[in-house]
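Residues per chain are reported as follows:
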Amino acid sequence: MPHAQVSNSMRTHLILIGLLWLGTCAYLGGASAITNPSFEIPGSGGVVFGGWDQFGITGSTSTAIHGNWAATVSGQNNGSINVSGYWQQLVCSVNEQWRIAGSVMVSESMPLQGQSVALVNIEWRNSSGGMISYDSYAIADASSPVGEYLSFEQISSAAPAGTVAMRLVLGVLQGQNDPIPQVSFDQITCYSTSFPTIDD
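Residues numbered from 1 in each chain as written. Predicted model: local features only at pLDDT ≥ 70, side-chain atom pairs only at ≥ 80, totals over all residues. Heavy atoms only, no water.

**Some words on the pairing of strand S5 (residues 98-106)**
- Taking burial as the measure, the nine residues of S5 include eight buried ones, the bulk of the element.
- Pairing of S5 with strand S10 (residues 182-192) involves eight bridges; the strand directions are antiparallel. Bridged to Arg99 within S10 is Tyr191.
- Here seven bridges tie S5 to strand S8 (residues 149-155), and the two strands are oriented antiparallel to one another. In the strand pairing of S8, Arg99 is matched with Ile155. (Buried < 20%, exposed > 50% of the residue type's maximum accessible area, 1.4 Å probe, protein only. Helix = DSSP H or I, 4+ residues; strand = E, 2+ residues; numbered from the N terminus. Pairing = 2+ DSSP bridges.)

Spelled out as C-alpha cells, the structure:
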C-alpha cells in the first residue's frame with residue numbers, strides 16, 4: 001500500500017539522518033570516530049545495528065549500560081574454534097595508533113568457559129582490502145564476573161607499512177568443544193592518538 005511505502009521510506013530517511021548526525025557529532029564534538037557507538041540506531045535488511053557490519057551469531061539486548069540497547073555476540077557452536085562479531089572500518093595511516101574503550105558483559109546463562117574469550121581485534125588493511133596483520137586483546141575470559149558490565153581500554157600498536165584502513169572488531173571466540181558463550185558490548189569509543197587528537 002502507498003501509505004506503507006511512505007512509512008518505510010520515512011523510516012529509512014530518519015535512520016540515515018541519525019547516522020549523519022552521529023558522524024557530525026564525532027567530527028565537531030570530539031566524540032568517538034565510529035558510528036552508532038552505543039548501538040541505539042537499528043539496522044535493516046538483516047543488519048542488527050546501523051553503522052555496524054556483522055558476522056556469525058549476533059543480536060541485541062535491552063540490558064545496556066548506556067541508552068536502551070547493547071550488542072550481543074554468541075558462539076556458533078560448530079565444533080571448532082569460531083568467532084562471531086561486529087565491525088567497523090576507518091581510514092588509517094601508517095604508524096597511526098588507536099585508543100579503544102567500552103564496556104563488556106559476560107552472560108550469566110551463557111558464560112565464558114574453557115578457552116572462550118570476549119575480544120577486541122584491530123585489523124590493519126591494505127588498499128586492496130586485504131589484512132596485513134592484526135592486534136587481538138582478550139577483554140574477558142572464564143575468570144571474569146558475569147551479569148555486570150566491565151570497562152575495558154586498549155591502545156593499539158602502530159599501523160604497519162601499507163595500512164590504509166583500520167577495522168575494529170568486537171567479538172566472542174568460542175573454544176573448541178566449549179559450551180556456547182555470549183557477551184554484550186556497549187558504549188564503545190575509538191579515537192586516533194595521532195595529532196590532532198580530540199584533546200588538541
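**Points about the nonpolar core**
- Of all hydrophobic cores here, the largest spans 32 residues; its most connected members are Val104, Met166, Leu168, Val183 and Phe185.
- Mapped by element, the contributors of at least two residues to this core are strand S3 (70-74), strand S4 (82-91), S5, strand S6 (117-125), strand S7 (131-140), S8, strand S9 (165-174) and S10.
- Residues contacting Phe185, with those up to four places away along its chain left out, are Phe39, Ala70, Ala71, Val73, Ser103, Val104, Leu119, Ile139, Phe152, Leu170 and Gly171. (Core = buried A, V, L, I, M, F, W, Y, C linked by side-chain atoms within 4.5 Å. Contact = heavy atoms within 4.5 Å.)

**Some remarks on the environment of Trp52**
- Residue position: Trp52 is located in the loop between helix H1 (2-29) and strand S1 (53-55).
- In this structure the C-alpha to C-alpha distance between Trp52 and Pro42, which are ten residues apart in sequence, comes to 9.7 Å.
- Excluding residues within four positions of it along the chain, Trp52 makes contact with Ile34, Thr35, Asn36, Phe39, Val47, Tyr86, Trp87, Gln88, Leu168 and Leu170.
- A polar contact is formed between the side chain of Trp52 and the backbone oxygen of Thr35, at a distance of 3.4 Å. (Polar contact = N/O pair within 3.5 Å; in protein donor to acceptor, adjacent residues only side chain to side chain.)

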